[in-house]
Amino acid sequence: MSLEWFDRVCAELQDNMESICEEYDEIGHINIDRAAKHPRIDCFVEDEDNIREYFCTLYFDPHNEEFYVEEFDLETELTSRVLLDDIDEIIDVVHESFHDFIDSFDMDDDEYEEEYLMEDDTIEYDEDEEDDDEVEMQVVVDVDWTTPEVLAYTYLDEVEVAYRFGVVPDTGDGVLRRVNRIVTEENTVIEDESDFIFSKEEAGTIIELIENNMDMMEGFDVDH
């Protein structure tokens, strides 16, 4: 099992997208989950309140060393995989998904820029239309961090993952922040953050699940 192809794409995808698409360069981001059984790259846009809108997810099968996206057929209600053979196909899928996302706002470019890109880069939401994920992300903005970043692992000075723990003062919930940093071939650093919120009542169950299943997980082998 090798993640070399995954790491290469992670290092090149953001730079390639920014170079070919001016709109993506202004608002496009990626979040990398390398620790999943099938590592993935989540592509999203984000406003100044840290509210994210995801428009594409790339999955990587480490055993077959191939990228794929999942598509859901409304008629058959089945999910299928579309394999992506090279970086050009990957960029095309992300680029097309990004513009499909923009077009879904049903507005022309000037209206889109005024609503999403200009001035303070905020989006106005109707309170009735906000979903639970958006509300949760707004809460995460106010966190009392009780620990500094703790390094989880590094790989060849190219990939670094760190964690930090905090508490949401209004609710008392715990927050685990994952910070992922990747150094590209141009020696620039891509940094992505993701937060996981959980209550005190959940903490014991989460710890128990991890402890009871550690032996089923595969370690990070730097020789492959």
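Reading the values: the criteria
Residues numbered from 1 in each chain as written. Predicted model: local features only at pLDDT ≥ 70, side-chain atom pairs only at ≥ 80, totals over all residues. Heavy atoms only, no water. Salt bridge = Lys/Arg side-chain N within 4 Å of Asp/Glu carboxyl O. Pairing = 2+ DSSP bridges. Helix = DSSP H or I, 4+ residues; strand = E, 2+ residues; numbered from the N terminus. Axes fitted to C-alpha atoms, helices over the stretch in contact; angles between N-to-C directions. Contact = heavy atoms within 4.5 Å. Buried < 20%, exposed > 50% of the residue type's maximum accessible area, 1.4 Å probe, protein only. Parallel < 35°, antiparallel > 145°, perpendicular 65-115°, else oblique. Left-handed = near helix turned anticlockwise from the far one by under 90°. Nonpolar A, V, L, I, M, F, W, Y, C, P; charged D, E, K, R; others polar.

A. Main features of the pattern of salt bridges. Inspection of every chain in the model, using the stated rule, returns 8 salt bridges. Residues Arg 52 and Glu 46 are paired through a salt bridge, measuring 3.0 Å at the closest nitrogen-oxygen approach. Through salt bridges with shared partners, a single ionic network connects Asp 33, Arg 40 and Asp 42.

B. Local environment of the sheet that holds strand E5 (residues 78–84). Pairing within the open sheet is antiparallel, and its 5 strands lie in the order E1-E2-E3-E4-E5. Strand pairing shows two members of the sheet lacking a second neighbour, strand E1 (28–33) and E5, which therefore form its edges. This sheet shows a mean twist of 35 degrees between the axes of neighbouring strands, independent of strand direction. The strands touched by helix H1 (residues 4–20) within the sheet are E1, strand E2 (40–46), strand E3 (52–61) and strand E4 (66–73), with E1 carrying the most contacts at an inclination of about 165 degrees. The strands touched by helix H3 (residues 87–103) are E2, E3, E4 and E5; relative to E3, the strand with the most contacts, the crossing angle is about 160 degrees.

C. Main features of unusual backbone geometry. Residues other than glycine seldom take positive phi values, yet Glu 65 does so here, at roughly 55 degrees. Among the secondary structure elements, Glu 65 is positioned in the loop between E3 and E4. Taking relative accessible area as the criterion, Glu 65 reaches 41% and is therefore assigned partly exposed.

D. Quick peek at the packing of H1 against H3. Contact pair H1 / H3: the axes reach a minimum separation of 10 Å and the direction vectors enclose 50 degrees. It follows that H1 is oblique to H3 by the angle criterion. Here H1 and H3 pass one another in a crossing that is right-handed. Touching Trp 5, Val 9, Glu 12, Leu 13, Asn 16, Met 17 and Ile 20 of H1 are Ile 87, Ile 90, Ile 91, Val 94 and His 95, all from H3. Split by residue class, the contact of H1 with H3 holds 9 nonpolar, 2 polar and 1 charged.

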